[in-house]
Amino acid sequence: MKRFGIFAVALVALSACKITVDDPNIQGGNLTVNTDLGDKVVTCSATLVSGTTAASGQATPIKVTAKGGTAPYQLLDTAVAFNTETVISRTYTNDTTANVTEVDTVVIKDSVGFVSQCNFLVTVTPSSSTPSTLACTLTAAPASPQVSSNILFTGAATGGTAPYTFSDLVLGTDSTVVSPLAPASSTSATATGKYNSVGLRTASVKVTDSTNTAVVCQRSVDVVAGPSISVLPSPAAAVAVGSQITLNVTPTGFTGTPTYTYTTSAAVTITPNGASAVITSSTVIAQFDVLVTATSGSQFASKTV
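Residues numbered from 1 in each chain as written. Predicted model: local features only at pLDDT ≥ 70, side-chain atom pairs only at ≥ 80, totals over all residues. Heavy atoms only, no water.

Caption draft 1: Broad picture of unusual backbone geometry. Look at the link from A141 to P142: it is a cis peptide, with omega at -5°. Turning to its location among the elements, P142 is positioned in the loop between strand 11 (135-141) and strand 12 (151-158). Geometrically, the link from S234 to P235 is a cis peptide bond, its omega value of 5° lying close to zero. Assignment of secondary structure puts P235 in the loop between strand 18 (228-234) and strand 19 (244-252). (Helix = DSSP H or I, 4+ residues; strand = E, 2+ residues; numbered from the N terminus.)

Structure representation (structure tokens):
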């Protein structure tokens, strides 16, 4: 019986559970000893302070509650002590486009070293920084330019993942790129072009983001004939040496009153007077051209005589 007594005491010191011992010295072969540590067993629970949903990339408060054992308690991953409950903060990440539910764990210990682990569920919503679909727009100013007039093309990118690269500007048939694509901001680029004949064209530009995703955007451009001018030399296009020629200009299709310029590379004197100009010919026989240009706002027309 002395052997049995020592064995029973040792088991009670190690556990708070029901113990069954086989011993040949005891009638029937079994002995059951019930022991109970009661409040010496430490337990814990953990829940999100607000519901069960956490936003990806944002700090989420978690309430941890301890019971039993010997206060104060301590979280194993921090040095903060608490008596009954405490609030900690954790950040979860979800790089997908759908909610993700995961199991998280908190482990605490009491002042004498008893340890308890508690698990809880967290539903993590997708990150607000998840990029949207890459898209782009292309604008033309003016939208209905006249033949041979400069047009400002602007490409703009949204969504995707910056930085962006703009390339492959295509203006369409019978066109000229005056200035190539150049960055205008972190999300846009501009270029200048013109068309050499009337008609409806389709311009396009390609945008590529940092993940090598690419999109192409288009813009319709309606090229119109625009205004024109006629120039009548008086008394004639050919005069005697030292005589004068008067150029009379008649504008057509302008929405406002145009201004005029007269240029030549010949050694003659041109005296402009609005829609007319007087040319004093040289004192030697010469043949020369005069370029007459009429401008009103964005409208213009020119003619060489």
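Let us keep going from here.
Caption draft 2: Fine view of the sheet that holds strand 8 (residues 85-91). With respect to topology, 3 strands assemble into an open sheet ordered 3-5-8, the strand pairing being antiparallel. The open sheet has two edge strands, strand 3 (43-48) and strand 8, and neither has a second partner. Across the sheet, the mean angle separating the axes of adjacent strands is 30° when strand polarity is ignored. Bridge count for strand 3 against strand 5 (residues 59-67) is 6 bridges, and the pairing is antiparallel. Within strand 5, the position partnered with T47 by the bridge is K63. (Pairing = 2+ DSSP bridges. Axes fitted to C-alpha atoms, helices over the stretch in contact; angles between N-to-C directions.)

Caption draft 3: Looking closely at the pairing of strand 5. Burial of strand 5 is one-sided: the residues T60, I62, V64 and A66 facing one way are buried, the residues A59, P61, K63, T65 and K67 facing the other way are not. Both strand 5 and strand 8 contribute to a ladder of 7 bridges, which runs antiparallel. Looking across to strand 8, one finds that K63 is bridged to V87. (Buried < 20%, exposed > 50% of the residue type's maximum accessible area, 1.4 Å probe, protein only.)

Caption draft 4: Fine view of the nonpolar core. By size, the foremost hydrophobic cluster in this structure holds 21 residues, and its most contacted members are F153, Y195 and V221. For this core, the elements supplying multiple residues, two or more each, are strand 11, strand 12, strand 13 (165-170), strand 15 (188-195), strand 16 (199-208) and strand 17 (214-223). The contacts of V221, once residues within four sequence positions are left out, are A140, A143, P145, I151, F153, Y195, G199, L200 and R201. One finds I88, V106, I108 and V122 within the second-largest nonpolar core, a separate group that totals 19 residues. (Core = buried A, V, L, I, M, F, W, Y, C linked by side-chain atoms within 4.5 Å. Contact = heavy atoms within 4.5 Å.)

Caption draft 5: Seen up close, the pattern of salt bridges. Taken as a whole and judged by the stated rule, the model has 2 salt bridges. Across the pair R90 and D77 runs a salt bridge whose closest N-O atoms are separated by 3.2 Å. Here D77 lies in the loop between strand 6 (73-75) and strand 7 (81-82) and R90 lies in strand 8, a separation of 13 residues in the sequence. By relative accessible area, which is 19% here, R90 ends up buried. Salt-bridge contacts for R90 lead to D104; the nearest nitrogen and oxygen are separated by 2.9 Å. One end of the pair, R90, is in strand 8; the other, D104, is in strand 9 (residues 100-109), with 14 residues separating them in the sequence. The two residues R90 and D104 agree in class, both being buried. Several salt bridges share partner residues, and in doing so they unite D77, R90 and D104 into one network. (Salt bridge = Lys/Arg side-chain N within 4 Å of Asp/Glu carboxyl O.)

These figures capture arrangement, not role.
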